[in-house]
Structure formats: C-alpha cells, structure tokens
Amino acid sequence: MPHRMIRARRARLTLFSAGVTSLAVLATACGGSGGGASAAPKDFKYLSVTENTTTRAALTTLSKGSCKAENDALPLKVETVPQSQLDQKLQLLAGQKALPSQFAAGNAPALTKQLAKSGHVADLDVELERLGVADQLEPAAVSTIKALYGGKLQVLPYEYNIEGIFYNKKLFKENGIAVPGTWDELVAAAGKLNSKGIQPFSASGAQGWPLTRLISGYLYRSLGPDALDAVDLGNAQLTDPEYVKAAEEIAALGKKGYFGKGVGSIDYDTAMNQFLTGKSAMFYMGSWALANISDPKQNKVGAENVGFMPFPAVKGGAGSVDQYPSNVGLAIALNSKHFDKKTDAWVSCITKNYGSTALKDNGSISGFKVNTPVKDANAVTSTVRKTISSSKQNVLWFEALFSTKATTVSQTNAAGLVNGSMSPKQFMETVQAALSSN
C-alpha cells in the first residue's frame, strides 16, 4: 500500500441521523476510550452479516478443531443481521454497551473509527503485541487496514481481497472473445455477448456497491491511483467533468442492457448465482468470491471455466492495470472491554490458524499467515494468490474514504444510475453533496 495512503484523513463524523443512536450518546455512554471494568463475557459472540457465510463457517470449523479447547472454555456464538442493517445495529448496541466480543465492522471505516474513539473498539496493535501474535498478520493486510483506519490496526483481516473481473472462459471461447485489455475492448466484448443473447455482467443493484466499484475502477485507470485521495483531500470534486465521465461510462453499460433486467432489485446472492450458473459472462467482485467459485454445489459452470482479469486500462489514462483495489472485506473489530484470559486464548488461536483453515476449507484468502501448507483448490485461486503477491501498488474503492452518510447515498442511488432514473451528473452531484455536508 502506498505510503501516501497512510497519511491522516479528515475526520468523518456524520452517521445515520434518523432512528438511530447519536454519536454524542455513544461517546457519553462509553465515557472515554479503552479500559474500564466490565463483566467477563459468557460466550465468544460474533455478530456477522447474513450475506457473509465464509467467515462464520471458518470460525465454526476452528471451534470444532484447532480452537476446540478455547471454544470449550468460551463457546462461540454467532448472530447475524442483514448488511443493510449493520450500521444501525452497531450504533444501537454501542449505545446500550452491548457490543459482542467480535463484530463485523461498519459498512464504512468512518463508523468503526468513531466507535473506537468512543472506546468500544480494541487497539489491536497493542493487544496482538501483548499476546505475541502480531507477526501472524500479513504485512500487506496490516498496511491496507491502517490506510483505511487512520493509521491504526482497528480490525482483523478475516479476508484479504483484491478486486477484478471474474469471467466465464467457456463463454468467451465459444464466442471468440479474447480477455479484454482495455475499457473499449471490454465494452465491445459486452456488446458481442449481448447480441448473442448472453447477459454480459451480473451485479447487485440492491447492494449498490458492486456498481459503484465500477465507477472507482474507471477513475483509477483514467485519473490514476490518487483519484479518490484528491476528492478526500478537497483537491477535486466528484462533479468535476473527468469524474462525471466515469459515472457516464458505467451508466452507458446499464442503458445498453448489459446488466440484464431488474438490476436494481438483484441482491448479492442472486448476482453471484447468475454468474455461477452461466447466466452471465462477467462478474466484477473481490477475491472473497473464490469461496463460492470453489464450491461445486454453487458453481455449476465449473471452477476450471472461471478466469480472473484486472479492471481494464483506459486509453490515455494515468492508471495501470497492476494497481488492484484491495480491502479486508467486511473486517472484524473486537470489543475493547472483553479481553480476558479466555478471549485472549481465542484471539491467539484465530490468528495462528484462521489463514490455513479458510484457505483449505473455503478457498478464501485472508490477511493471516498460512502456517499449514494448503494446496490451492483450483487454478483461479492460484491466479489470484499470485496476483496478490506480485501486485506493485494497491488502491481502495469508491466509498472507502467517504463518510457513512455519503456511503449510504452512493450505494442507495447506484441502481438509479444504471437504470436511467438518475443521470450521471445527478448521481455525482448527490454523492458530492453528501460529502460536502460533513
């Protein structure tokens, strides 16, 4: 991760205002950061999102295997909530001083940073060093986390992902399509597929972020890796013509029908299923999708028929195809008040064993070291792992540096951008207004 991305970010303080606990109440309820007496937890509760099955499956496997002793002493208990309700749930629990031992971090880093400032989130630089397991995290994952969280290690990397376009190799071959190297080639390939009655892309308009990821992908290729840093620092605005251009390109894909019908109501699981059953030829997604691709019950096209390519180059652009968006998925924060001997044991066990377990059982890549050699489940997993190790420079994603409010506005309106109910200019104006209101 470039050093410049670790510089301090402007404070993002605005969160949902209607029907949820205010930040002032959060701060007051906790009364400062860190420390403080708290009753020892009776279980090792994990609050996850319904959509993420991989992490809880890996933790469950650990509870029955490598971490059985830790689980016997402090039983793992999993609770889920739809991702769209996560932020509200976290704020509610924080206000009640009822956050579990570990919980999926908010949909934008801004929320986790605010919860940390209010004393709810453990400083993992301190805790992992104390436990002697800090070296169990991959340096690249630590760098990515610190770029997102103001230079601090506030979450654990249960996932470490790069993003790109998964594609159906069989459909490409049958239709004489070479892997696109440029944006123009990608659009042409989509047009050819569409003319043959094949849906070019699957994407979740209901979640929104799979569409806005395409906007940032275009921005990074056209304007370079600092494109969204410039917006965050106030040196550019999303309403500038070169930024609106990115939204126009993605809107054009929707106008041509390349996302299929009803993209605005398509949820994440449905979009994944469209690709894995051969109903679409391409799927922009993070490498967390390897777990689904490696599962023969889900993947009906066969893992051998899935390829992975970077977001293509934009002609004359300042970016490079070896600059991959990277993230730690929906990372996991730990409750600062729950560390005792039993929790210590669980955290130590996770850091030493999660990497191998997730890769072996689910084909998913985490930010933990793989201490037990694991053979890749398939060729596409090998491709992604090699890509991660050889990537020269990483970037973030569209909303990575946005406030929670701006993130919500962006993702809520993404479907309107591709179905034509909102113009590219209107979309960027709406998101910029949310950013500027902080």
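Every chain's residues receive numbers from 1 upward, in the order its sequence appears when written. Where totals are concerned, whole chains, interfaces and linings use all residues; where local detail is concerned, this predicted model gives features only for residues with pLDDT of at least 70, and gives and counts side-chain atom pairs only at 80 or more. Excluding hydrogens and water, the side-chain figures rest on all heavy atoms present in the structure.

Caption draft 1: Looking closely at the overall build of the protein chain. When you go through the protein chain residue by residue, the secondary structure sums to 18 helices and 10 strands. Here the C-alpha radius of gyration of the protein chain, 21 Å, is about what a compact globule of 438 residues would show, namely 22 Å. Judged by the C-alpha coordinates and their principal axes, the protein chain covers about 65 × 50 × 35 Å. Here's how the labels work: a residue is buried when its accessible area is under 20% of the maximum for its type, exposed when over 50%, partly exposed in between, all with a 1.4 Å probe on protein chains only. Considering the protein chain as a whole, with its 438 residues, one finds that 58% of them fall into the buried category. A contact between two residues is defined here by any heavy atoms of the two lying within 4.5 Å. Here the analysis covers contacts within the protein chain between residues at least 6 apart in sequence; of these, 78% occur between residues at least 24 apart. With residues, only the protein chains shown are counted as cover, and all accessible areas are computed by Shrake-Rupley using a 1.4 Å probe. For the protein chain, the computed accessible surface area is about 17,300 Å², with 51% contributed by carbon and sulfur atoms. When charges are counted, neither His nor the chain ends are considered; positive counts come from Lys and Arg and negative counts from Asp and Glu. By convention, the charge on Lys lies at NZ, on Arg at CZ, on Asp at CG and on Glu at CD. For the protein chain, the centre of its 45 positive side-chain charges and the centre of its 35 negative side-chain charges are spaced 2 Å apart. Helix and strand labels come from DSSP, where a helix needs a run of H or I of at least four residues and a strand needs a run of E of at least two; each type is numbered from the N terminus. Here the globule rule reads 2.2 Å times residues to the power 0.38, and the radius of gyration is calculated from C-alpha atoms.

Caption draft 2: Examining the sheet that holds strand β3 (residues 102-104) more closely. Spatially, the 4 strands line up as an open sheet ordered β2-β1-β3-β9, and their pairing is mixed. With partners counted over all chains shown, the strands left at the sheet margins are β2 (76-81) and β9 (332-334), one partner each. Adjacent strand axes in the sheet meet at a mean angle of 20°, parallel and antiparallel pairs treated alike. In this scheme, strands are said to pair when DSSP sees at least two bridges between them. Across 2 bridges, the pairing between strand β1 (residues 44-49) and β3 is parallel. Here an angle of 0 to 180 degrees is reported between the N-to-C directions of two axes, which are lines fitted to C-alpha atoms, with helices fitted over the stretch in contact.

Caption draft 3: The arrangement of the pairing of strand β8 (residues 323-327) in detail. Of all 5 residues in β8, 5 are buried, a share of seventy percent or more. Residues of β8 alternate between two faces, with Gln323, Pro325 and Asn327 on one and Tyr324 and Ser326 on the opposite face, all of them buried. Summarising the sheet, strand β4 (residues 161-168) and β8 pair through 2 bridges and their orientation is antiparallel. Paired with Ile162 across the two strands is Ser326, which belongs to β8. Bridge count between β8 and strand β10 (residues 393-395): 3 bridges; the pairing is parallel. Note that in β10 the partner of Pro325 across the bridge is Val395.

Caption draft 4: Highlighting the packing of helix α17 (residues 404-419) against helix α18 (residues 424-436). The N-to-C vectors of α17 and α18 enclose an angle of 170°; their axes lie 8 Å apart at closest approach. Classified by the angle their axes make, α17 and α18 are roughly antiparallel. Between α17 and α18, the residues in contact are Lys405, Ala406, Val409, Ser410, Asn413, Ala414 and Leu417 and Pro424, Phe427, Thr430, Val431, Ala434 and Leu435, respectively. For this classification, Asp, Glu, Lys and Arg are treated as charged, while Ala, Val, Leu, Ile, Met, Phe, Trp, Tyr, Cys and Pro are nonpolar and the rest, including Gly, are polar. Here the contact of α17 with α18 is built from residues that sort into 9 nonpolar, 3 polar and 1 charged. Note on angle classes: values under 35 degrees are labelled roughly parallel, values over 145 roughly antiparallel, values of 65 to 115 roughly perpendicular, and the remainder oblique.

Caption draft 5: Expanded view of the side chain of Ser364. Looking at where Ser364 falls in the secondary structure, it is placed in the loop between α15 (341-362) and α16 (379-390). Residue Ser364 is classed as buried on the basis of its relative accessible area of 6%. In contact with Ser364, not counting residues within four places along its chain, are Thr54, Ala291, Ala358 and Leu359.

Caption draft 6: Seen up close, helix α5 (residues 109-117). Most of α5 sits inside the fold, with 7 of its 9 residues counted as buried. Here α5 has its buried residues at Pro109, Ala110, Leu111, Thr112, Gln114, Leu115 and Ala116.

Caption draft 7: View of the nonpolar core. Side-chain atoms within 4.5 Å link the members of a nonpolar core, which is a set of buried Ala, Val, Leu, Ile, Met, Phe, Trp, Tyr and Cys residues. Membership of the largest hydrophobic core comes to 112 residues, with the highest contact counts inside it found for Leu238 and Met282. When residues of this core are assigned to their parent elements, the largest contribution, 7 residues, is made by helix α12 (residues 241-255). Counting 25 residues, the second-largest nonpolar core is a separate cluster that includes Leu276, Phe283, Val301 and Ile365.

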